[in-house]
Amino acid sequence: VQLQASGGGLVQAGGSLRLSCAASGRTFRGYTVGWFRQTPGKEREFVAAIRWNLRTTYYADSVKGRFTISRDDAKNAVHLQMDSLEPEDTAVYYCSADQHLITSSTMMPDSYDYWGLGTQVTVSS
């Protein structure tokens, strides 16, 4: 499956952005789709994930209550609604997918087989 992330940009602190991860080649049915972010010199960090079939969602503590991950059946896409953005949210955001992920591995980037190119999110103070 090929992944395409979009929706990044520059926003002021307190603002919102919506990222999208679209799949081509096959449907997301049966996959876990995750969002990770990375800043220079740091490891890739888990943000959120959704199990497509069960709609089960997972969030990093740092984004709980501010970010919402959801699936879009019509577009075969996963969206990450980011509200109340903070300068600390500035990073390159990547979407990822895996078909055989177990729950305990959801937050581990090495567990995902498929990755899209990143999209830059910059939050100014």
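Residues numbered from 1 in each chain as written. Predicted model: local features only at pLDDT ≥ 70, side-chain atom pairs only at ≥ 80, totals over all residues. Heavy atoms only, no water.

Q: How should I be thinking about the environment of glycine 30 in this particular structure?
A: Looking at the secondary structure, you find glycine 30 in the loop between strand S3 (17-24) and strand S4 (32-38). Between the alpha carbons of glycine 30 and serine 84 there is a distance of 31 Å; along the sequence they are 54 residues apart. (Helix = DSSP H or I, 4+ residues; strand = E, 2+ residues; numbered from the N terminus.)

Q: Help me out: how do you make sense of the environment of leucine 117 in this one?
A: On the secondary structure map, leucine 117 appears in the loop between strand S10 (114-115) and strand S11 (119-124). When neighbours within four sequence positions are excluded, leucine 117 is seen to be in contact with Leu3, Ala5, Tyr93 and Tyr94. (Contact = heavy atoms within 4.5 Å.)

Q: What is the right way to look at the state of the cysteines in this model?
A: As used here, a disulfide is simply a covalent bond connecting the sulfur atoms of two cysteines. A complete count under the given rule lists 1 disulfide for this structure. In this model, cysteine 21 is linked to cysteine 95 through a disulfide, with the two sulfur atoms separated by 2.3 Å. Measuring handedness by torsion sign, the sulfur bridge of cysteine 21 and cysteine 95 sits at about 65° and is right-handed. Here cysteine 21 is found in strand S3, whereas its partner cysteine 95 is found in strand S9 (residues 91-98), with 74 residues between them in sequence. Take cysteine 21: its relative accessible area is 0%, and that puts it in the buried class. (Disulfide = S-S within 2.5 Å. Buried < 20%, exposed > 50% of the residue type's maximum accessible area, 1.4 Å probe, protein only.)

Q: Please clarify how the sheet that holds S3 should be interpreted in this entry.
A: Two strands in a sheet stick together by hydrogen bonds in their backbones, pointing the same way (parallel) or opposite ways (antiparallel). The 4 strands lie next to each other as S1-S3-S8-S7, forming an open sheet whose pairing is antiparallel. Every interior strand has two partners, whereas the edge strands, strand S1 (2-6) and strand S7 (67-72), have only one. Strand after strand, the sheet turns through a mean of 15° between neighbouring axes, direction not considered. With 6 bridges joining them, S7 and strand S8 (residues 77-82) adopt antiparallel strand pairing. In the sheet register, phenylalanine 67 faces S8, and the bridge partner there is methionine 82. (Pairing = 2+ DSSP bridges. Axes fitted to C-alpha atoms, helices over the stretch in contact; angles between N-to-C directions.)

Q: Hey, could you run me through the pattern of salt bridges in this one?
A: Side chains carrying opposite charge are able to pair once their charged atoms draw close together. This model, assessed by the stated rule, comprises 6 salt bridges. The shortest N-O distance in the salt bridge between aspartate 61 and lysine 64 comes to 3.2 Å. Arginine 66 is paired through a salt bridge with aspartate 89; the nearest N and O atoms lie 2.8 Å apart. You can see arginine 66 sitting in the loop between strand S6 (56-59) and S7 and its partner aspartate 89 sitting in the loop between S8 and S9, a full 23 residues away along the chain. For the pair arginine 66 and aspartate 89, a shared accessibility class is recorded, and that class is buried. (Salt bridge = Lys/Arg side-chain N within 4 Å of Asp/Glu carboxyl O.)

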